[in-house]
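Coordinate analysis (summary)
Each chain, written out:
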Amino acid sequence: QVQLVESGGGLVQPGGSLRLSCAASGTIFSINNMGWYRQGPGKQRELVATITSSGRTNYADSVKGRFTISRDNAKNTVFLQMNILKPEDTAVYYCNAPTVVLTTGQVKRGYWGQGTQVTVSS
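Residues numbered from 1 in each chain as written. Predicted model: local features only at pLDDT ≥ 70, side-chain atom pairs only at ≥ 80, totals over all residues. Heavy atoms only, no water.

Notes on the overall build of the protein chain
Within the protein chain, the regular secondary structure consists of zero helices and twelve strands. Mapped in sequence order, the helices and strands of the protein chain form the string β-β-β-β-β-β-β-β-β-β-β-β. On C-alpha atoms alone, the protein chain measures out to a radius of gyration of 14 Å, which is about the 14 Å that the 2.2 N^0.38 rule sets for 122 residues. Seen along its three principal axes, the alpha-carbon backbone of the protein chain occupies a region of about 50 × 25 × 20 Å. Buried positions account for 41% of the 122 residues belonging to the protein chain. Accessible surface, the protein chain as shown: approximately 6400 Å² in total, 48% of it carbon and sulfur. The protein chain carries 12 positive and 6 negative side-chain charges, and their two centres are separated by 6 Å. (Helix = DSSP H or I, 4+ residues; strand = E, 2+ residues; numbered from the N terminus. Rg over C-alpha atoms; globule rule 2.2 N^0.38 Å. Buried < 20%, exposed > 50% of the residue type's maximum accessible area, 1.4 Å probe, protein only. Areas by Shrake-Rupley, 256 points an atom, 1.4 Å probe, with all protein chains shown as cover. Lys, Arg positive; Asp, Glu negative; His and termini not counted. Charge placed at Lys NZ, Arg CZ, Asp CG, Glu CD.)

Describing the sheet that holds strand β1 (residues 2-7)
One open sheet accounts for four strands, arranged β1-β3-β9-β8; its pairing is antiparallel. The sheet is open, and its two edges are formed by β1 and β8 (67-72), each paired on a single side. Across the sheet, the axes of successive neighbouring strands diverge by a mean angle of 15°, strand direction being ignored. (Pairing = 2+ DSSP bridges. Axes fitted to C-alpha atoms, helices over the stretch in contact; angles between N-to-C directions.)

Details of the environment of D61
Relative to the assigned elements, D61 resides in the loop between β7 (57-59) and β8. Given the relative accessible area of 65%, D61 is considered exposed. Distance in space between the C-alpha atoms of D61 and K75 is 29 Å, their sequence separation being 14 residues. One polar contact links D61 to K64, side chain to side chain, over a distance of 3.0 Å. (Polar contact = N/O pair within 3.5 Å; in protein donor to acceptor, adjacent residues only side chain to side chain.)

Notes on unusual backbone geometry
One non-glycine residue, N76, adopts positive backbone phi at about 50°. Position of N76 among the secondary structure elements: in the loop between β8 and β9 (77-82).

Function-wise, these values are silent; they only describe arrangement.
Encoded structure:
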């Protein structure tokens, strides 16, 4: 009923920028929180950033000042603008919508995107 489709990953040089997007589709009435997680090679999945429907944001300390999360509520899309990228940012990035309210009024939980690879290297 709900799908999260990510795009924007790729290879970028250190210091460069990249923008990820994640569009949620389906019979969606509303999505409050949306966020981005990442998992680097040999590492655990970690929170990168979250945003509420009202625009309140939270960031991991490792990305503060470099990454910006934003969203378009009308399109149920969340973005992650990544600037001043570092090699340690290399990871698979996942879009997350923990709670989705359908047009039926039913609440669904735990939606994830398929993941998109971000590689920061010279």
